[in-house]
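Structural overview for review
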Amino acid sequence: MSLEITLTVTAVSVVLAYPLAWIIAFRVPQRWQRLVLLLTILPFWTSYVVRSYAWLLVLAREGIVNQTLIGMGLLSEPVTLANTRFATVTGFVHFFVMLLTVTIYANLVQLSPSYRRAAMDLGASAFQTFRHVILPLTLPGVVTGAFLTFVLCIGDYVTPQILGGNNELTVPQLIMVQLGRRADFPLAAALAIVLMAIVTLAYLASARWLRLDRL
Amino acid sequence: MRFLPWLYLAAAFVFIYLPVGTLVLFSFQDGSLPVPPFDGPSLRWYGEVLADDDMTDALINSILVALGASTVAVTLGFLAAYGLARHVLPGAALLRGLLIAPLTVSYLIVGLGLLIVLTRAGLGLSIWTVATGHVVINLPLAFAIIYASMGVQQESAERAARDLGANEAQVVLLITVPMLMPAIAAAFFLSMTFSWDEFIIAFLLTRFDVTLPVEIWSMLRSGLSPRLNAIGSLVFLVSVTVVLILELLVFRKRRT
């Protein structure tokens, strides 16, 4: 359960953040870039309890999303968005898009523009340039950001607890159940070890491209 | 096609600011439910939150923990960075790794580990144990930031000071610390925001003197309320202020 959510979140966040970082790095004029970047990550600094609560507000049955869709005539009655896996994933993606945008942006601006120019001069299309030149060169940054996303996402208790409802539990939620209701420390510790093992596996899988020292 | 990037940027900003915007807007709600339609603006809920003793106690606890934990974490982080950067120690690479490794351990696991240790040791939970937990999570970060900015320039200035007869304490306090001030300030403010926003460790390691995120958490059980919006907006405002100070003081200076 945890793993499924985490992998979805990581993939969706990377796919959404890459174009955003790209636009900020190559379309936004140089002197505005720092400001745009600062604005992009400002909500990143909301406390995660508050941020999850804010999403609950947005996704509630009477919330702004449902009311807007009904107002536009796209829905006839409110749909349940809060307390679902969708809500958990949305809350996570929101946070990690901000994180990944910064990491990927940092990589994109380090690239010398001559690589792009050279590829273009040699007749590559914009897509080919991206696929064969830019993407491989920024891969370490992407993988580092994705690894960070994975680690933070799989270990988080607050977001799934507030947004996900109690239909399905993630590993951190299971740990907290052991601690709270049953005071079963050994089982909680065992689950924590499982979490750390998963993180270690993720580390080994991505170690080739990881540049943790470059964060 | 040309405006497609700008459309994407605009859509991204809507997505990024949707929750915070909603939170802040409905904190000014006059009614008792923070959902559309919006009526107001009214400061009623801010007044109620600031008059709430539980809330102000939690606020004071949060500030104390953030200040105390950040001071200790930055001090220890600085000393570790100084020691490892300036002296040849056996197993220095291993020590560096050990200091940074906790960054990849989830806060929940750090909190759980500390809870087990404290229970075994028979120590009661209090604001002190929360602060200890926050030192544990902020120390690796403080160390990494300060260590990364220790360079050759400070080293030659330190050597010059020593040649001129300064003792070790004078060298550290009068040369190294001032020269590293941007990094030390960055580490301090970052620790502050992490400690200020941190929930799970504070939740596990305290009973009665809770911090603000824990107080908000217990309010959440009673469902959506404009009071939560008001206190959430205030918490956000504080974090943003600290981040902006950091941006203006530290990063601006570094660029010029």
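Residues numbered from 1 in each chain as written. Chains lettered and ligands numbered in written order. Predicted model: local features only at pLDDT ≥ 70, side-chain atom pairs only at ≥ 80, totals over all residues. Heavy atoms only, no water.

Our next topic: the overall build of chain B. The number of helices and strands found in chain B is 12 helices and 0 strands. Secondary structure elements in chain B, listed N-terminal to C-terminal, are α-α-α-α-α-α-α-α-α-α-α-α. When the backbone C-alpha atoms are referred to their principal axes, chain B occupies close to 70 × 65 × 35 Å. By the burial criterion, 47% of the 256 residues in chain B qualify as buried. In the structure as shown, chain B presents an accessible area of about 12700 Å², 72% of it carried by carbon and sulfur atoms. Charged side chains of chain B number 14 positive and 16 negative; the gap between the two group centres comes to 12 Å. (Helix = DSSP H or I, 4+ residues; strand = E, 2+ residues; numbered from the N terminus. Buried < 20%, exposed > 50% of the residue type's maximum accessible area, 1.4 Å probe, protein only. Areas by Shrake-Rupley, 256 points an atom, 1.4 Å probe, with all protein chains shown as cover. Lys, Arg positive; Asp, Glu negative; His and termini not counted. Charge placed at Lys NZ, Arg CZ, Asp CG, Glu CD.)

A word on the packing of helix 9 (residues 171-180) of chain A against helix 10 (residues 185-206) of chain A. Residues and elements named next belong to chain A. Where helix 9 meets helix 10, the closest approach of the two axes is 8 Å, and the angle between their N-to-C directions is 165°. Taken together, the axes of helix 9 and helix 10 lie roughly antiparallel to each other. In this structure, helix 9 meets helix 10 at a crossing whose hand is left-handed. Touching Val171, Pro172, Leu174, Ile175, Gln178 and Leu179 of helix 9 are Phe185, Leu187, Ala188, Leu191, Ala192 and Leu195, all from helix 10. (Axes fitted to C-alpha atoms, helices over the stretch in contact; angles between N-to-C directions. Parallel < 35°, antiparallel > 145°, perpendicular 65-115°, else oblique. Left-handed = near helix turned anticlockwise from the far one by under 90°. Contact = heavy atoms within 4.5 Å.)

Another point: the interface of chain A and chain B. Opposite the 55 residues of chain A that make contact, chain B presents 55 residues. Of the roughly 4800 Å² buried between chain A and chain B on both sides combined, carbon and sulfur atoms contribute 83%. At the boundary of chain A with chain B, the tally comes to 0 salt bridges. Across the chain A-chain B interface, the total number found is 8 residue pairs in polar contact (both at pLDDT 80 or more). Residue composition of the side of chain A that touches chain B, by class: 43 nonpolar, 9 polar and 3 charged. (Buried area = accessible area lost by both parts, 1.4 Å probe. Salt bridge = Lys/Arg side-chain N within 4 Å of Asp/Glu carboxyl O. Polar contact = N/O pair within 3.5 Å; in protein donor to acceptor, adjacent residues only side chain to side chain. Nonpolar A, V, L, I, M, F, W, Y, C, P; charged D, E, K, R; others polar.)

With that settled, the discussion passes to the confidence of the model for chain B. Scored by pLDDT, chain B comes out at a mean of 83, with 93% of its residues at no less than 70. Summarising per-element confidence for chain B, the mean pLDDT is lowest in helix 2 (residues 44-50) of chain B (77) and highest in helix 3 (residues 53-86) of chain B (89). (pLDDT = per-residue confidence, 0-100.)

Another aspect to go through is the packing of aromatic side chains. Each aromatic ring pair is described using two quantities: the centre-to-centre distance and the angle formed by the ring planes. Using the criterion set out here, one finds 16 aromatic pairs over all chains in the structure. Look at Trp55 of chain A and Phe15 of chain B: their rings are 5.6 Å apart centre to centre, the planes differ by 45°, and that puts the pair in the tilted class. A residue pair is termed interchain when its members come from two chains, as with Trp55 of chain A in helix 3 (residues 48-59) and Phe15 of chain B in helix 1 (residues 4-25). Each ring, one from Phe78 of chain B and one from Tyr82 of chain B, has its centre 6.1 Å from the other, and the planes form 25°; the classification is stacked. (Phe/Tyr/Trp six-rings, centres within 6.5 Å; stacked < 30°, edge-to-face > 60°.)

A separate point is the pattern of salt bridges. Residues and elements named next belong to chain B. Enumeration according to the criterion identifies 4 salt bridges over all chains in this entry. Residue Glu158 is joined to Arg86 by a salt bridge in which the shortest nitrogen-to-oxygen separation is 2.6 Å. Here Glu158 is found in helix 7 (residues 152-163), whereas its partner Arg86 is found in helix 3, with 72 residues between them in sequence. Considered together, Glu158 and Arg86 belong to a single accessibility category, that of buried residues.

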